[in-house]
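Working through the structure, step by step
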Amino acid sequence: MTAGKLFVVSAPSGAGKTTLLKRVMAKIPGLSFSVSHTTRSPRPGEKNGIDYHFITQAEFLEMIDHGLFLEHAVVHGNLYGTSQAAIDRQRMAGVDVILDIDVQGASIVRRSRQLEATHIFISPPSLRELEKRLRGRGTESEEMIALRLANARSELQAVNEYEYLVINDQLEETIDLLSSIIVAERARAHRFPSGQPIGDIITS
Ligand code: 5GP
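Residues numbered from 1 in each chain as written. Predicted model: local features only at pLDDT ≥ 70, side-chain atom pairs only at ≥ 80, totals over all residues. Heavy atoms only, no water.

A few words on the packing of helix 1 (residues 17–27) against helix 7 (residues 171–188). Contact pair helix 1 / helix 7: the axes reach a minimum separation of 10 Å and the direction vectors enclose 55°. In terms of orientation, helix 1 and helix 7 fall into the oblique class. Both helix 1 and helix 7 take part in a crossing whose hand is right-handed. Where helix 1 abuts helix 7, its residues Thr19, Leu20, Leu21, Arg23, Val24 and Lys27 lie against Leu171, Glu172, Thr174, Ile175, Asp176, Leu178, Ser179 and Ile182. (Axes fitted to C-alpha atoms, helices over the stretch in contact; angles between N-to-C directions. Helix = DSSP H or I, 4+ residues; strand = E, 2+ residues; numbered from the N terminus. Parallel < 35°, antiparallel > 145°, perpendicular 65-115°, else oblique. Left-handed = near helix turned anticlockwise from the far one by under 90°. Contact = heavy atoms within 4.5 Å.)

Quick look at the structure:
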């Protein structure tokens, strides 16, 4: 079986990435989501083990010490990391994995030469629109909104390091665009758009 592909998706907080990824994953078979570890507190409605593995700072530092992260970074004052073993398990099962990670994490993955990934940046149409969305979410304090906006400004500088830029203006159009990128990348890897490796069919 061919190992699954990796898709690294980064976006400033509030760009609509979570909604977008959920919709794209419901539409395209053979895609799975990498559930990160974080020291951030859960937001209302978030579930442990589904949205994130919510752990303490001590537990996170222990995982770093044991070399369990493919990448990790401090984002908006909290620790976030991707478990290497979880990614390996998903890829060995032949499914493609989406890493929803920030620009620092994406840069670490890019530099790790044994891992090939497609890097996609999702941008809001403007910073003004981003601010509107962050406020509309109603889950962040003023201080957190200011921090996330400041971070967005610097994250947008990293856009040229990504292979694809997807501007999330109209949700339905953006879903189509992101889905097309994933399907096209699969074809490049000699896969059927369903995600099934061509080799499996030819040799069966
Ligand atoms: P949020 O707290 O809003 O869910 O996520 C904040 C930021 O952390 C987002 O940019 C998200 O992509 C990033 N993030 C989530 N998981 C990881 C991870 O495992 N590693 C890194 N580097 N960033 C992550």
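Past the structure itself, the notes keep going.
This part takes up the nonpolar core. Counting 17 residues, the largest nonpolar core has Val24, Leu31, Ile98, Ile120, Ile122, Leu178 and Ile182 as the members making the most contacts within it. Secondary structure elements with two or more residues in this core: strand 1 (6–10), helix 1, strand 8 (117–123) and helix 7. Counting residues per element, this core draws most heavily on helix 7, which supplies four residues. Not counting residues within four places of it along the chain, the set of residues in contact with leucine 31 comprises Phe7, Val24, Met25, Asp96, Ile98, Ile182 and Arg186. Formed by 15 residues, the second largest nonpolar core is a distinct cluster that contains Leu6, Leu70, Val97 and Ile101. (Core = buried A, V, L, I, M, F, W, Y, C linked by side-chain atoms within 4.5 Å. Buried < 20%, exposed > 50% of the residue type's maximum accessible area, 1.4 Å probe, protein only.)

We now examine helix 4 (residues 103–111). Taken residue by residue, helix 4 has Val103, Gly105, Ala106, Ser107 and Val109 as its buried positions. Tucked into the core, helix 4 has its buried residues touching strand 1, strand 5 (69–75), strand 7 (96–100), strand 8 and helix 6 (142–155).

What follows concerns the site of the ligand. The local shell around the ligand holds 18 residues, among which Ser36, Arg40, Tyr52, Tyr80 and Asp100 are the closest. Contact distances for the ligand include 2.7 Å between an oxygen atom and a side-chain N or O atom of aspartate 100. Protein burial of the ligand: of its 520 Å² of free accessible surface, 95% is covered by the chains. When residues of the shell around the ligand are traced back to their parent elements, those giving at least two are strand 5 and strand 6 (78–83). (Near = heavy atom within 4 Å. Polar contact = N/O pair within 3.5 Å; in protein donor to acceptor, adjacent residues only side chain to side chain. Areas by Shrake-Rupley, 256 points an atom, 1.4 Å probe, with all protein chains shown as cover.)

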